[in-house]
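Spelled out, the chains give:
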Amino acid sequence: MKHATLRQLKVFEAVARLLSFSRAAEELHLTQPAVSTQVAKLEEHAGNVLFEQFGKKIFLTPAGAELLQISRAIIQQFEAAENAMMQFKGVSGGKLNVGVISAGDYFFPRLLVEFASRHRGVTLNFTVHNREGLLTHIADNLTDLAIMVRPPTDLDTSNQAFAPHPYVIVAPPTHPLVGVPGIPLKRLMREPFVVREKASDTWHSMEDGFGRELEHINIAMEIRSTETIKQAVIAGMGVSFVSAHTISQELKAGSLCVLDVEGFPLMLNWYVVHRRTKRLPPVAQAFKDFLLSDGASLISQIVPFKPLRSHLQSQP
């Protein structure tokens, strides 16, 4: 093992965590052959097979499971060393590691650009996840800060709201409910819905918006991609519950319309989250302060949204 590299250990850890070479390649911004090559080299150094395949699924071998624990400890030690050295760099020259749920990628890159313009020399490491993936990154200390709608309840985290996050019901412009004022929720429930998967932040937000009525929703299709959901609604496959921050371009183009449903928009919040005991590098603390002070106003400029109704259902 003396010739194994940190890069090989990181690639192996990603494949072992995701149990997928293709998903690990996507996360690491590598090709799948490059990931396979790194794992093969590590297996040579270890003198053991680390993965075995049954059908289309891969699993860790006993040797792989043992090496995974050691690899994570080594990676964390390197990260601790890197963070310790960053303390001497301050904000400029630091590396910002931040993860965000998928709804945030409609505005988050522009927040990062604005932050970087204020702090020259900052290196950005920005990843997008579904809720499950982002929670894993927090739990495994793979990110300094996480941007999400629903902070975890089973981890000891610091959670601070920094911007409102409206959710709305959208339909194609030809839908008969477009322009109807004060649509009762029970009337809306007759419509077919295109929804996100049940483990997603969006689905959990739907639970807030619909309450007990959610069990009566007419699910026409469940899709893991917000972009695909929007296209399905535009095509007339149903209505949908989406983040207002994901549809600004479609509203501007007139390809989607927001329905005036009683109790909507549902106003939740964007949160910046990190492990409570984590010592944030100066650049991460500076970015957190930036979000708390300027995040709300910048998001409202990047993805503007004007509610149809004056009455908003809010989360305290």
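Up top is the structure these notes are about.
### Observations concerning the environment of Leu134
Part 1 of the argument: Structurally, Leu134 can be placed in helix H6 (residues 131-139).
Part 2 of the argument: Measuring from C-alpha to C-alpha, the distance between Leu134 and Gln8 comes to 23 Å, with 126 residues separating the pair along the chain.
Part 3 of the argument: Contacts of Leu134, omitting those with residues within four sequence positions, involve Gly99, Val100, Ile101, His129, Ala146, Ile147 and Met148.

### A closer look at the side chain of Asp201
Part 1 of the argument: Residue placement: Asp201 occurs in helix H8 (residues 201-210).
Part 2 of the argument: On the basis of relative accessibility, which here comes to 4%, the residue Asp201 falls in the buried class.
Part 3 of the argument: At 2.8 Å, the side chain of Asp201 forms a polar contact with the side chain of Arg131.
Part 4 of the argument: Setting aside its immediate chain neighbours within four residues, Asp201 contacts Ile101, Arg131, Met148, Val149 and Arg150.

### Topic: unusual backbone geometry
Part 1 of the argument: A cis amide bond links Phe264 with the next residue in sequence, Pro265, at an omega value of 5°.
Part 2 of the argument: Residue position: Pro265 is located in the loop between strand S10 (257-258) and strand S11 (266-275).
Part 3 of the argument: Non-glycine residue His29 carries a positive phi angle of around 60°.
Part 4 of the argument: Here His29 lies in the loop between helix H2 (21-28) and helix H3 (32-46).
Part 5 of the argument: Judged by relative accessible area, His29 falls into the exposed class, the value being 66%.
Part 6 of the argument: The backbone of Asn141 sits at a positive phi, close to 60°, despite the residue not being glycine.
Part 7 of the argument: Its place among the elements puts Asn141 in the loop between H6 and strand S5 (145-148).

### A few points about the pattern of salt bridges
Part 1 of the argument: According to the stated counting rule, one finds 15 salt bridges in the structure shown.
Part 2 of the argument: One salt bridge connects Asp156 with Arg276, and the closest N-O pair in it is separated by 2.8 Å. Taken together, the residues Asp156 in the loop between S5 and strand S6 (157-171) and Arg276 in the loop between S11 and helix H11 (282-302) connect sequence positions 120 residues apart.
Part 3 of the argument: Residue Asp156 is classed as partly exposed on the basis of its relative accessible area, which comes to 44%.
Part 4 of the argument: Between Arg187 and Glu191 there is a salt bridge, with the nearest N and O atoms lying 3.0 Å from each other.
Part 5 of the argument: Overall, Glu191 belongs to the buried group, its relative accessible area being 12%.
Part 6 of the argument: Because the salt bridges share partners, they merge into one network encompassing Glu13, Arg17, Glu27 and Arg72.

### Looking at the pairing of strand S2 (residues 57-60)
Part 1 of the argument: Taken together, the 4 bridges between strand S1 (residues 51-54) and S2 define a ladder with antiparallel strand orientation. Following the sheet pairing, Phe54 is matched in S2 by Lys57.
Part 2 of the argument: Count of turn residues in the S1/S2 antiparallel hairpin: 2 residues, of which Gly55 carries a positive phi of about 65°.

### Section: a nonpolar patch on the surface
Part 1 of the argument: A cluster of nonpolar side chains, Ile70, Ile74 and Phe78, forms an exposed patch at the surface whose accessible area comes to about 260 Å².
Part 2 of the argument: Mapped onto the elements, Ile74 comes out in helix H4 (residues 62-89).
Part 3 of the argument: Taking relative accessible area as the criterion, Ile74 reaches 32% and is therefore assigned partly exposed.

### What to know about the packing of aromatic side chains
Part 1 of the argument: Using the criterion set out here, one finds 15 aromatic pairs in the structure.
Part 2 of the argument: Geometrically, the ring pair formed by Phe115 and Phe287 is edge-to-face, given 5.0 Å between the ring centres and 80° between the ring planes. Of the two residues, Phe115 sits in helix H5 (residues 108-118) while Phe287 sits in helix H11, which places them 172 residues apart along the sequence.
Part 3 of the argument: Summarising the aromatic geometry, the rings of Phe193 and Phe210 are spaced 5.7 Å apart at their centres and angled 85° between planes, so their arrangement reads as edge-to-face. Of this pair, Phe193 sits in strand S7 (residues 192-195) while Phe210 sits in helix H8; the two residues are 17 residues apart in sequence, bridging distant segments of the chain.
Part 4 of the argument: Residue Phe193 is classed as buried on the basis of its relative accessible area, which comes to 0%.
Part 5 of the argument: Directly above the ring of Trp203 sits Lys198, whose terminal nitrogen or CZ lies 4.8 Å from the centroid.

### As for the packing of H5 against H11
Part 1 of the argument: Contact geometry of H5 with H11 gives a least axis separation of 10 Å together with a crossing angle of 125°. Of the possible angle classes, the one that applies to H5 and H11 is oblique. Where H5 crosses over H11, the handedness of that crossing is right-handed. Along its contact with H5, which presents Phe108, Arg110, Leu111, Leu112, Glu114, Phe115 and Arg118, the element H11 presents Val283, Ala286, Phe287, Phe290, Leu291, Asp294, Leu298, Ile299 and Ile302.
Part 2 of the argument: A class-by-class count of the residues in the contact of H5 with H11 yields 12 nonpolar, no polar and 4 charged.

Rules of the game
- What you see as residue numbers is a count from 1 along each chain, following the sequence as written.
- Side-chain atom pairs in this predicted model are given and counted only at pLDDT of 80 or more, local residue features only at pLDDT of at least 70, and totals for whole chains, interfaces and linings cover all residues.
- Each side-chain value is derived from all of the structure's non-hydrogen atoms; neither hydrogens nor water enter the calculation.
- Helical segments are the DSSP runs of H or I of at least four residues, strand segments are the runs of E of at least two, and each set is numbered from the N terminus.
- Residue contacts follow a heavy-atom distance rule, with two residues in contact if any of their heavy atoms lie within 4.5 Å.
- Note on classification: 1.4 Å probe, protein chains only; a residue is buried when its accessible area is under 20% of the maximum for its type, exposed when over 50%, partly exposed between these limits.
- Two N or O atoms form a polar contact when they lie within 3.5 Å of each other; inside protein one atom must be a possible hydrogen donor and the other a possible acceptor, and for residues adjacent in sequence the pair counts only when both atoms belong to side chains.
- Salt bridge, as used here: a side-chain nitrogen of Lys or Arg that lies within 4 Å of a carboxyl oxygen of Asp or Glu.
- By definition, two strands form a pair when at least two bridges between them are found by DSSP.
- Note on patches: the residues involved have over 30% relative accessible area and no salt bridge, like charges join within 9 Å, and the nonpolar side chains Val, Leu, Ile, Met, Phe, Trp and Tyr join within 5 Å.
- Per-residue and other accessible areas follow the Shrake-Rupley method at a 1.4 Å probe size, with only the shown protein chains counted as cover for residues.
- For Phe, Tyr and Trp, where Trp contributes only its six-membered ring, two rings pair if their centres lie within 6.5 Å, and the inter-plane angle classes them as stacked under 30 degrees, edge-to-face over 60, or tilted in between.
- Either the NZ atom of lysine or the CZ atom of arginine qualifies as a charge over a ring when it sits within 6 Å of the ring centre and within 35 degrees of the ring normal.
- Lines fitted to C-alpha atoms define the axes, with helix axes restricted to the stretch in contact, and inter-axis angles between N-to-C directions lie between 0 and 180 degrees.
- Note on angle classes: values under 35 degrees are labelled roughly parallel, values over 145 roughly antiparallel, values of 65 to 115 roughly perpendicular, and the remainder oblique.
- We call a crossing left-handed when the near helix sits turned anticlockwise from the far one by less than a right angle, and right-handed when that turn is clockwise.
- Each residue receives one of three labels: charged for Asp, Glu, Lys and Arg, nonpolar for Ala, Val, Leu, Ile, Met, Phe, Trp, Tyr, Cys and Pro, and polar for the others, Gly being one of them.

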